[in-house]
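One letter stands for each residue in the lines below.
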Amino acid sequence: MLKPRSAAQNLPTYHPPLGGRHGLRLDFNENTMGCSPRVLDRIRNIGMEDLARYPEREPVEIIAAEQLGVRPQELLLTNGVDEAIHLICQTYLEAGDEVLIVIPTFAMYEIFASGTGARIIKIPAGKNFIFPTDDVLRHITTQTRLIAIANPNNPTGAAAPLKDLLLIASSAPNAAILIDEAYYEFHGETLLRCWIDHPNLFVARTFSKAYGLAGLRAGLLMGCEDSMSVVRKVASPYSVNSVALACVPEALRDRTYVEAYVQEVCEGRDRLQTELKSLGLRFWPSRANFVLLHVGAANGAFTHGMRERGILVRDRSRDPGCEGCVRITLGSTDHTDRLLKALRETLSQVGAPRQEVHP
Ligand SMILES: Cc1ncc(COP(=O)(O)O)c(C=O)c1O
């Protein structure tokens, strides 16, 4: 076998299922209804010539910037947030640099950062997955070149106070601070435009969650003009395909659709959390479109029981601090009805332990 770079050889493996996800998919934090009908109409109007040409991202970046209230120079369309993370790593990390992540969190920070040969420093979240601001501040050194934070975090649903994130940004002026706002729409708090005072700050957003376009692979990376002009050099000019480019403006314009969906999800989140409380199950209050709950040793049987009832949920037991935990995505009201019914049946079947209810 051809010898790979040691950074590639030593990468941690992340193997999400890439097939066979049949049923109501509450395992990947996707939109359970799909995208706006206006987006589908746009796709139906894509012609042969549109696909024959290389994608032209610039006009779409102008529209996206206008919709988000930033300048086009501050924004780059990406092939999902995944590409945004990759680009930040490629732009700022050298072998041996230090990268801070708070665990448990989204797997791709570690994977893309490790690929550069950087050293990953994992800071465990506090009790009940509270964001460990003081610990992060303590770990900042002159070698720290990236701090990647999902806000709200996946898989816990916990959010960090924005003022703490800004304090981290000003305490690590030599590091890129990537705030991944993939679940922004369900949380409502953002650091958008804060790069004006904190030029090392970047914000990423996705079309994969609230917008229901995970299959298209579209995201946004935003930051100050100077930094983004360097990130742009690292990016492929064609990483966002023409179909995605055609859909992004429609997705952004149909605010009514996204707002109505987000409202259903947030109501479903309240219903699920109320149900878990009344069942005496431990869970962590969430600011995203999913809830992490603890079913203990029954986690395998629980996941299996839900699958038998046609609902996929994600066993997160392997994440640090998440032993016996399962993550459940919220979707439309109908889907929450189905979820709650299956949840009650499965729990009475597998007999999850009654535990201290989380505040
Ligand atoms: C925190 C976080 N960031 C990014 C992503 C991936 O986003 P995208 O589909 O835009 O690559 C996910 C997906 O689960 C996520 O949880």
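Anyway, here's the lowdown on the structure attached to this text. (Residues numbered from 1 in each chain as written. Predicted model: local features only at pLDDT ≥ 70, side-chain atom pairs only at ≥ 80, totals over all residues. Heavy atoms only, no water.)

1. Things to note about the packing of aromatic side chains
Any aromatic ring pair is given by two values, namely how distant the centres are and how the planes are angled relative to each other. To keep things clear, this is the line we draw: Only Phe, Tyr and Trp rings are paired, with Trp represented by its six-membered ring, and only when their centres lie within 6.5 Å; those with planes under 30 degrees apart are stacked, over 60 edge-to-face, the remainder tilted. Only protein chains enter the accessibility calculation, which uses a 1.4 Å probe; a residue is then buried when its area is under 20% of its type maximum, exposed when over 50%, and partly exposed in between. Here, over-ring charges are defined by two tests on the NZ atom of lysine or the CZ atom of arginine: distance to the ring centre within 6 Å, and angle to the ring normal within 35 degrees.
The tally for this structure, following the rule as stated, stands at six aromatic pairs. Relative to Tyr-211, the ring of Phe-207 lies with its centre 5.0 Å away and its plane at 55°, an arrangement referred to as tilted. Phe-207 sits in the buried class, given a relative accessible area of 2%. Looking at Tyr-211, the relative accessible area reads 14%, which means it is buried. The ring of Tyr-184 has Arg-205 sitting right over it, with the charged end atom 3.7 Å from the ring centre.

2. Some words on the site of the ligand
To keep it simple, the criterion reads: For each residue, the test is whether any non-hydrogen atom lies within 4 Å of the molecule or strand; if one does, the residue is near. Any pair of nitrogen or oxygen atoms within 3.5 Å is treated as a polar contact; in protein, a donor-acceptor pairing is required on top of that, and neighbouring residues in sequence qualify only through side-chain atoms on both sides. Note on areas: Shrake-Rupley, 1.4 Å probe, and residue coverage restricted to the protein chains presented here. Labels follow the DSSP assignment, with helices taken as runs of H or I lasting at least four residues and strands as runs of E lasting at least two, numbered in each case from the N terminus.
Neighbouring the ligand are 14 residues; Asp-180, Tyr-183, Thr-206, Ser-208 and Arg-217 lie closest to it. Within the side chain of Ser-208, a nitrogen or oxygen atom sits 2.6 Å from an oxygen atom of the ligand. Compared with its free state, where it exposes 400 Å², the ligand has 92% of that area covered by protein. Here the shell around the ligand gets three residues from one element, more than from any other, and that element is helix H5 (residues 80-92).

3. Here we look at the sheet that holds strand E9 (residues 282-284)
The condition is simple: DSSP bridges decide pairing: two strands pair if at least two such bridges lie between them. Residues count as neighbours in contact if any of their non-hydrogen atoms are within 4.5 Å of one another. A fitted line through C-alpha atoms represents every axis, and for helices the fit uses only the stretch in contact; the resulting angles, taken between N-to-C directions, go from 0 to 180 degrees.
The four strands are arranged E9-E10-E13-E12 in an open sheet whose pairing can be described as antiparallel. Only two strands of the sheet have a single neighbouring strand rather than two, namely E9 and strand E12 (314-315). Taken together, the two bridges between E12 and strand E13 (residues 325-329) define a ladder with antiparallel strand orientation. Opposite Arg-314, over in E13, you have Arg-327 as the bridge partner. In the packing of helix H13 (residues 299-308) onto the sheet, contacts are made with E12 and E13, and the angle to E13 comes to roughly 25°.

4. Some points on the nonpolar core
Rules: Take the buried residues of types Ala, Val, Leu, Ile, Met, Phe, Trp, Tyr and Cys, join any two whose side-chain atoms come within 4.5 Å, and each joined set is a nonpolar core.
Of all hydrophobic cores here, the largest spans 79 residues; its most connected members are Ile-147, Ile-177, Phe-207, Met-222, Leu-272, Phe-302 and Ile-328. In terms of residue count, the dominant contributor to this core is helix H12 (residues 255-279) (seven residues). With residues near it in sequence (within four places) discarded, Ile-147 still touches Leu-100, Val-136, Ile-140, Ile-168, Ala-172, Ala-176, Ile-177 and Leu-178. Residues Tyr-92, Ile-111, Ala-150 and Leu-221 belong to the second largest nonpolar core, which totals 31 residues.

Purely spatial values, then, with no claim about function.
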